[in-house]
Amino acid sequence: MATKTERHERIDRITVKITYSVAAVVLLLLLVYGAFTLVKMYRYEETNDAQVEEYINPILSRTTGFVQEIKFRDHQKVQKGDTLLVIDKNETLMQLQEAEATLSSAKASLLVLESNTVTTTSSASVSEASIAGAKAKLWQQEQEYNRYKKLLAEEAVTPQHFEAIKTSFDIAKAEYKAVQNSYKTAKGKINDADSQLAVAKATVQQREAIVASIKLNLTYAVITAPADGIMGDKTLQVGQLIQKGQTLGFIVDQDQGKWIVANFKETQIANMKEGQEVEINVDAYSNETFHGKIQSLAPATGSRFSLLPPDNATGNFVKIIQRFPVRILLTDAVAKTKNLRAGMNAEVLVPKL
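So, how was this worked out
Residues numbered from 1 in each chain as written. Predicted model: local features only at pLDDT ≥ 70, side-chain atom pairs only at ≥ 80, totals over all residues. Heavy atoms only, no water. Pairing = 2+ DSSP bridges. Helix = DSSP H or I, 4+ residues; strand = E, 2+ residues; numbered from the N terminus. Buried < 20%, exposed > 50% of the residue type's maximum accessible area, 1.4 Å probe, protein only. Contact = heavy atoms within 4.5 Å. Polar contact = N/O pair within 3.5 Å; in protein donor to acceptor, adjacent residues only side chain to side chain. Phe/Tyr/Trp six-rings, centres within 6.5 Å; stacked < 30°, edge-to-face > 60°. Lys NZ or Arg CZ within 6 Å of the ring centre and 35° of its normal.

A. Spotlight on the sheet that holds strand E5 (residues 222-224). Strand order in the open sheet formed by four strands is E5-E4-E2-E7, and the pairing between neighbours is antiparallel. Each edge of the open sheet carries a strand with a single partner, namely E5 and strand E7 (241-242). With two bridges connecting them, strand E2 (residues 65-70) and E7 associate as antiparallel partners. Looking at the pairing, Gly-65 lines up with Ile-242 of E7.

Quick look at the structure:
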């Protein structure tokens, strides 16, 4: 029968064997993992500083008014042209009525001025016709005056008769001058009427533009989806006053596709080029591999596009490895990438050339 000491020794030997076996398995796993990592590092440039991107478009108000209806909910899928929001039109309709009344008044004034212009033109024509008659009468009186002047010199007429002829001649000259002045006045009135008519026409055009602008604002009272997509959070309430240019929400545009932006270190991009195939692993779908190709490499580091780009000449310099954004186009079928969402973290592997 085994003693207590022998049993303890046997247990110790078993424990040592198990420990050695576990250590050997762990060492083997570490060697395999290390070899896999070395091969991966040798074959690929890799970064986990990458995210899924989509166009997120703001929806802006193009008019001012109170919210009458909200026809979307949080994260709702919408189609291009779907009604999202309706703004109360009552105030705009009143403005339209006032503008149309003003336009009617301007058109009526234009008609009056056109009628006055016709009348003034007719009056000028009459004055112009009178000039010819007055001129002919003046010529006749002048001839009469010259004849009687010779007769007076020969004492063939009395001075009283000659004075009557001279008076008629003076009257004819005065009438001719009066008709000329009347014609000039009529021409001036025509010019004034034409100027007033031009102003009236410009006023009508201005009023028409105001009416057209108000009608256009009425169409802006119904806000529709600019593209197929998914709405973001709803932050509006019925009855809320919104201003022209105010952001009413955001829509994730699904018409323009999805892509990956991977930020590679500057030491990794030397051999990268546009069109190069890449592999993508998204954290949310760890069991699935996506494929893409490099669409473009940024012309400058990400820090250069920041609000305050670095200036190493302004202080102590500390060398920091910079990163370049690389845009990667997903080449998988839409059905495979439809569940990807903007902002998801991803890991990108680019085969070395």
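B. Highlighting the environment of Arg-341. In this structure, Arg-341 sits in the loop between helix H4 (334-337) and strand E12 (345-351). Assessed through its relative accessible area of 38%, Arg-341 is described here as partly exposed. Each C-alpha atom of the pair Arg-341 and Glu-54 lies 7.7 Å from the other, and the pair is 287 residues apart in sequence. Apart from the residues within four sequence positions on either side, Arg-341 is in contact with Val-52, Glu-54 and Lys-258. Looking at Arg-341, its side chain comes within polar contact range of the main-chain oxygen of Lys-338, at 2.9 Å.

C. Spotlight on the side chain of Gln-76. With respect to the helices and strands, the residue Gln-76 is situated in the loop between E2 and strand E3 (77-78). On the basis of relative accessible area, Gln-76 is assigned to the buried category, the value being 19%.

D. Broad picture of the packing of aromatic side chains. Counted according to the given criterion, the structure contains one aromatic pair. A ring pair is formed by Tyr-55 and Trp-259, whose centres lie 4.8 Å apart and whose planes are at 55°; its orientation type is tilted. Of this pair, Tyr-55 sits in strand E1 (residues 44-60) while Trp-259 sits in strand E8 (residues 247-265), and the two are 204 residues apart along the sequence. According to the relative accessible area criterion, Tyr-55 is partly exposed, its value standing at 33%. Positioned above the aromatic ring of Trp-259, the side-chain terminus of Arg-327 is 4.0 Å from the ring centre. The cationic tip of Lys-336 hangs over the ring face of Phe-290; the distance from NZ or CZ to the ring centre is 5.5 Å.

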